[in-house]
Amino acid sequence: MVSPRERRPWHPRVGELTGEDIAQHPTRAIKVPLGGSRPDATVAVLPLRSFQNGHIFFHQRLSQRLGERPICVHATYSGAGLELSNSQSKTTRFQESGLWLLPPSVDERAEAQGARYLTWDNSLPDSVAQCAGHSTCDLRAPWCTVEGGQCQIDCHRRAVALQLARLRNVVEVARLLRRTVVFPPALCHCDRGWQGVGQTLHRCCRYTGAEAEDYLPIAA
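Our subject in this report is the structure included herewith. This one's a predicted model, so the numbers in the text were calculated from it and none came from an experiment. (Residues numbered from 1 in each chain as written. Predicted model: local features only at pLDDT ≥ 70, side-chain atom pairs only at ≥ 80, totals over all residues. Heavy atoms only, no water.)

**Regarding the overall build of the protein**
Counting secondary structure elements, the protein contains 8 helices and 8 strands. Residues classed as buried in the protein amount to 31% of the 220 residues present. About 14100 Å² of surface is accessible on the protein, with carbon and sulfur atoms providing 57% of the total. (Helix = DSSP H or I, 4+ residues; strand = E, 2+ residues; numbered from the N terminus. Buried < 20%, exposed > 50% of the residue type's maximum accessible area, 1.4 Å probe, protein only. Areas by Shrake-Rupley, 256 points an atom, 1.4 Å probe, with all protein chains shown as cover.)

Laid out in structure tokens, this is it:
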């Protein structure tokens, strides 16, 4: 993953990706010979600021920070949902972000008829929502050395423990009331790699390639 900061000087709008743009940015384009009498093809890297992967859009929230709308969003970096595939989790992410325009299926509409739901306010106290380790973490150090329980993994444990305790109570109330639980955004102080949180602990809890980005904590 390349930092979006490296893409900011080149920010075309829809319909403005022309040969001149590519010519002005030769480091982002290569010529690919097709052989024979056919002309060479030009292959260019699209700017992450306008064509965002799932980490840039959902986790780093670049569009929200800049107040801009990207041209395209890819639903990558979405873990498998309850159905053990990425299909539903990716669809849900698009729906929650207002990027899913297809109407609900017949089964979904039938399930929603007469359904009752229960959600809750998941606001966290500042002592849990904030973490000094995010601004003081040193990428050159193998492990966090911030004192006072302010290392990212310590902040992450406190936040997860409190939110899991709340979830346990909400699930019991929903069971008694016969309602379906609707999850509010959950706050995390540590990002996870494909092999889990352990993959990011020595990178200030940030994803590989995004260590220089100040995007933690994540609310997703």
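**A closer look at the nonpolar core**
Core analysis: the largest hydrophobic core is formed by 7 residues, namely C190, C205, Y207, A210, Y215, L216 and I218. If near-sequence neighbours (up to four positions away) are discounted, L216 is found in contact with H134, H189, D191, C204, C205 and R206. Ranked by size, the runner-up nonpolar core spans 5 residues in total, among them F57, F58, V73 and F94. (Core = buried A, V, L, I, M, F, W, Y, C linked by side-chain atoms within 4.5 Å. Contact = heavy atoms within 4.5 Å.)

**Things to note about unusual backbone geometry**
Omega for the bond connecting L216 with P217 falls within 30 degrees of zero, at 5°, which places this linkage in the cis form. Structurally, P217 is set in the loop between β7 (187–188) and β8 (218–219). At R178, a position not held by glycine, the phi torsion is positive, near 55°. You can see R178 is positioned in the loop between α8 (152–177) and β6 (180–181). Using a relative accessible area of 74% as the deciding quantity, one classes R178 as exposed. Phi is positive for C204, which is not a glycine, with a value near 60°. Along the chain, the position of C204 falls in the loop between β7 and β8.

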